[in-house]
Amino acid sequence: MSDRISEKLTELAKRRGYFFQSSGAYGGVGGFYTFGPQGAALKGNVEDAWRDRFAIAEGHMEIDAPTIMPEPVFEASGHLETFDDMLVECPECEESHRADHIVEDETEYEDAESLPVPEVEEIIAEYELVCPTCGAGLAGAAIEDFNLMFATNIGPGDSQPGYLRPETAQGIFVEFPRLKEYARNTLPFGVTQIGRAYRNEISPRRSIIRTREFTQAELELFVDPETSEPDLTLVEDVSVRLYPATEQQADDGSEVETTIGDAVADGTIADPWIAYFLGIAQEWYASVGVDTDRFRFRQHLAGERSHYASDCWDAESEIDGNWIEIAGFAHRGDYDLSKHQEYSEERFTVFQQYDEPKTVERAVVDPDMSYLGPEFGGDAQAVVEELETLAGRDRAAFEGETVDVEFGDETHEIPVEKTGFAVEEQTEAGEHVVPHVIEPSFGVDRLVYTILHHAYREDEVAGEERTYLDLEPEVAPTFVGVFPLQSDDDLEDEAEGIAAALRAEGLSVTYDDSGNIGRRYRRQDEVGTPFCVTVDYESLEDGGVTVRERDTTDQKRLPIDDLPETLSALRAGEVAFEDLDEE
RNA sequence: GCGCCGGUGGUCUAGUGGCAGGACCUGAGCCUUCCAAGCUCAUGGCCCGGGUUCAAAUCCCGGCCGGCGCACCA
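Keep in mind the model is a prediction, meaning the values are calculated, not measured.

**Student:** Give a description of the overall build of chain A that names residues and reports values.
**Tutor:** Looking only at helices and strands, chain A has 19 helices and 28 strands in total. For a compact globule of 583 residues, the expected C-alpha radius of gyration is about 25 Å, and chain A comes in at 31 Å, more than 25% above that figure. Viewed in the frame of its principal axes, chain A has a C-alpha envelope of about 110 × 70 × 60 Å. Counting every position in chain A, which comprises 583 residues, the buried fraction comes to 48%. Looking at chain A alone, contacts between residues at least 24 apart form 65% of all its contacts between residues at least 6 apart. Summed over its atoms, the accessible surface of chain A is roughly 28,300 Å², and 42% of this surface lies on carbon and sulfur atoms.

**Student:** Break down the nonpolar core for me, citing the residues and quoting the values.
**Tutor:** One finds Tyr18, Trp284, Tyr285, Phe297, Phe329 and Phe442 to be the most contacted residues of the largest nonpolar core, which totals 62 residues. Per-element tally for this core: the top contributor is helix 11 (residues 272-287), with 10 residues. Counting residues in each nonpolar core, the second largest holds 22 residues, with Ile498, Leu507, Val533 and Leu558 among its members.

**Student:** Could you give me a rundown of the confidence of the model for chain A, with the residues and numbers involved?
**Tutor:** On average, residues of chain A score 88 in pLDDT, and 96% of them are at 70 or above. No element of chain A has a lower mean pLDDT than strand 6 (residues 96-98), at 72, and none a higher one than helix 11, at 97. For this predicted complex, the interface score ipTM comes out at 0.90, while the overall pTM is 0.87.

**Student:** Residue-level account of the protein's contact with RNA strand B, with values.
**Tutor:** Near RNA strand B you find 50 residues, and of these Arg199, Arg210, Asn516, Arg523 and Thr546 are the closest. The sugar-phosphate portion of RNA strand B accounts for 55% of its atoms within 4 Å of the protein, the bases making up the rest. At a separation of 3.3 Å, a phosphate oxygen of RNA strand B approaches a polar backbone atom of glycine 30. A distance of 3.0 Å is found between a base nitrogen of RNA strand B and a side-chain nitrogen or oxygen belonging to arginine 548. Counting only elements with at least two residues in the surface near RNA strand B, the list comes to helix 1 (2-15), strand 5 (84-89), strand 6, strand 23 (464-469), helix 17 (517-527), strand 27 (544-549) and strand 28 (555-559). Considering every element that reaches the surface near RNA strand B, the biggest residue donor is helix 17, with six residues. Along the lines of polarity and charge, the residues of the surface near RNA strand B split into 10 nonpolar, 19 polar and 21 charged.

**Student:** Lay out helix 13 (residues 369-376) with the relevant residues and their values.
**Tutor:** Residues of helix 13 that are buried: Tyr371, Leu372 and Phe376. Projected onto a plane normal to the axis of helix 13, the buried residues spread over an arc of 90 degrees and lie on a single side. Every exposed residue of helix 13 that faces more than 90 degrees away from the buried side is listed here: Ser370 and Pro374. Against helix 14 (380-393) and strand 19 (410-415) lie the buried residues of helix 13. Glycine 377 sits one or two residues past helix 13 and shows a positive phi near 60 degrees.

**Student:** Break down the sheet that holds strand 14 (residues 295-299) for me, citing the residues and quoting the values.
**Tutor:** Across the sheet, which stays open at both edges, the nine strands sit in the order 3-10-11-21-16-15-14-12-13 with mixed pairing between neighbours. Edge positions in the sheet fall to strand 3 (61-62) and strand 13 (256-259), since each has one partner strand and no second. By the bridge criterion, six bridges tie strand 11 (residues 213-223) to strand 21 (residues 436-443) in an arrangement that is antiparallel. Bridging from a neighbouring strand, alanine 217 pairs with phenylalanine 442 of strand 21. Relative to the sheet, helix 2 (residues 37-56) contacts strand 3, strand 10 (189-198), strand 11 and strand 21, its axis offset from that of strand 10 by approximately 160 degrees. Each of strand 11, strand 12 (239-243), strand 14, strand 15 (311-319), strand 16 (322-333) and strand 21 is contacted by helix 11, which is oriented at about 145 degrees to strand 16, the strand it contacts most.

**Student:** So, the pairing of strand 10: which residues are in play, and what are the values?
**Tutor:** Of all 10 residues making up strand 10, nine are buried, and the element is well covered by its neighbours. In the sheet, strand 3 pairs with strand 10 via two bridges, with the strands oriented parallel. Counted as the bridge partner of glutamate 62 is threonine 192 from strand 10. Across 10 bridges, strand 10 lies against strand 11 in antiparallel orientation.

**Student:** Just give me the short version of the sheet that holds strand 9 (residues 161-164), but keep the residues and values in it.
**Tutor:** Strand order in this open sheet of three strands is 4-9-8, and the pairing throughout is antiparallel. Edge positions in the open sheet fall to strand 4 (68-70) and strand 8 (151-153), since each of these has one partner strand only. Between one strand and the next, the sheet's axes are offset by a mean angle of 40 degrees, whatever the strand orientation. In terms of strand pairing, strand 8 meets strand 9 through three bridges, oriented antiparallel.

**Student:** Quick rundown of a negative patch on the surface? Include the residues and the values.
**Tutor:** The grouping of Glu505, Asp554, Asp561, Asp562, Glu565, Glu578, Asp579, Asp581, Glu582 and Glu583 at the surface amounts to a negative patch. Relative to the assigned elements, glutamate 582 resides in the segment after helix 19 (563-572). For glutamate 582, a relative accessible area of 47% puts it in the partly exposed group.

**Student:** Go over the pattern of salt bridges with me, naming the residues and quoting the values.
**Tutor:** A complete count under the given rule lists 28 salt bridges for this structure. Here arginine 15 makes a salt bridge to glutamate 526, at a shortest N to O gap of 2.8 Å. With arginine 15 in helix 1 and glutamate 526 in helix 17, this pair connects stretches of sequence that are 511 residues apart. Overall, glutamate 526 belongs to the buried group, its relative accessible area being 15%. Close ionic contact of arginine 298 with glutamate 316 constitutes a salt bridge, the shortest N to O distance being 2.9 Å. Taken together, the positions of arginine 298 in strand 14 and glutamate 316 in strand 15 put the pair 18 residues apart, joining distant regions of the chain. Neither residue differs from the other here; arginine 298 and glutamate 316 are each classed as buried. Connected via shared salt-bridge partners are Arg241, Glu255, Glu257, Arg296, Arg298 and Glu316.

Reading the values: rules and limits
- Residues numbered from 1 in each chain as written.
- Chains lettered and ligands numbered in written order.
- Predicted model: local features only at pLDDT ≥ 70, side-chain atom pairs only at ≥ 80, totals over all residues.
- Heavy atoms only, no water.
- Helix = DSSP H or I, 4+ residues; strand = E, 2+ residues; numbered from the N terminus.
- Rg over C-alpha atoms; globule rule 2.2 N^0.38 Å.
- Buried < 20%, exposed > 50% of the residue type's maximum accessible area, 1.4 Å probe, protein only.
- Contact = heavy atoms within 4.5 Å.
- Areas by Shrake-Rupley, 256 points an atom, 1.4 Å probe, with all protein chains shown as cover.
- Core = buried A, V, L, I, M, F, W, Y, C linked by side-chain atoms within 4.5 Å.
- pLDDT = per-residue confidence, 0-100.
- Near = heavy atom within 4 Å.
- Polar contact = N/O pair within 3.5 Å; in protein donor to acceptor, adjacent residues only side chain to side chain.
- Nonpolar A, V, L, I, M, F, W, Y, C, P; charged D, E, K, R; others polar.
- Arc of directions from axis to C-beta.
- Pairing = 2+ DSSP bridges.
- Axes fitted to C-alpha atoms, helices over the stretch in contact; angles between N-to-C directions.
- Patch = residues over 30% accessible without salt bridge, like charges linked within 9 Å, V, L, I, M, F, W, Y side chains within 5 Å.
- Salt bridge = Lys/Arg side-chain N within 4 Å of Asp/Glu carboxyl O.
- Lys, Arg positive; Asp, Glu negative; His and termini not counted.
- Charge placed at Lys NZ, Arg CZ, Asp CG, Glu CD.

So this is what it looks like as structure tokens:
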């Protein structure tokens, strides 16, 4: 049964323009998909809904950064190193294994990933390591260096290497020094981005669930680790299904049905920001059509977490009995901003003012350059820097007649009186803080797939099998179909007029006069169009039309003049179809 | 990347070393006063390359693509 839905969905997606493999005319290429007319509209609606909730409703700002960035960005982010896999193929059984993992498992080396390839090859030979699958010796087998990032060159030649971003996040982190200005140097503030990311996956699989180019919707929330707090009262009553790490590791562990408030109170979710976003996400996912019975939040196990995350929860949806990750909620700490501060020339901090200015004692130097200059020549400035460092680190060094300064390979004695050493009282209004980052990161393609999968329905209408998509009106690619009951010039004119009026209202409308009325209803059912409007001969007399609801196939007679308003209210969820009064 | 299986109109599928069939869909027409009805007509196909052969969509080899398993998934 479960496999049938995926297969039927794939077939439907191809046939009705939701999504299909790209470049089919050239044999297709693995891991790349095109969203067809329906799919692009659905995806766009999902992105709009995300933007409404996570950017606009939260008061955050959205940016749109390039997908290609220069190499130093990824040196700083750690992706050049950690996105790099060392694969070694067993000469006997031809299985591929992670060379660094084998080394870490079998030797005392703990961070083989960061070692150069030739060194890892030497270690394998030296320790006579064997294939985990068949036990054959791996000595002499070549290690293939594989980086999951797509590489390119910026400008002519290969002088400036660049990479397609493997996550949208770096585009936000890199621009932090300017973005903080827009936030008026005030924490917390959030920056969102919806955009493409690229990973040269070894083995793309399972339709649009694992592709090489995909869309992420990410929020980077920059918080003061000491003072910023979410308003948990907004989400404390939200019911969630959690799968904490402790339950995953227990023999009889199970998912936990609880509320955000209780999970925070009993420590299941340690970080209040993570808890806040899990609550927001739970309700948002439900609003766009994820079946909450096939949805949970799973905590990462310690060994599973990324190089930056201190705690991480995934949102997972159930597809054919398998749980797939559709979002990650990570506490990235100050990892990203600190790394960019270290690797770049910019300051990735926000000045946080104290409630009360603090008075602190500080050791300072004010060297006598008329002494240091002649004494050290061109090295005088470096000596000054050494003195400054030393003063901050070790005041006692300045207590004697002279102070010892390590410089070059020698120790120099400098009279303390020439250093201008003093301990001063200084008033500090605040401090430069590297913000911590809370990152809710959503996979849009997987969400679209989940929505379609969870919306897939088969039932029976008038003795005939029917397939329909139970899509939420807010995200349905086509909102309303408009038909003349039969081929008839007068009916067609009236129906086309209604279609135009609804389009003018901003609704997504499809007009169809082919075949018979039943066929047209089924066509719209199959792509998930929530409502259909049919113009009949009475419409020309009494100004009413039949409006038919997708899920129930119920029909109501409603006045044409009110249609734009009525249907807009239905789309916004302001009224329910069953509550509408007939004419 | 390795292994197994597979690739036939838009979709699903039958089939064989000798003229490639069906169903659905789609389009045109007829019919039709609310749920894939019926009739007529039409469009459209053997993944790519090489080999074997008188003849290859079919057999063989390689590639590409897909499903599944392994590995991978910061």
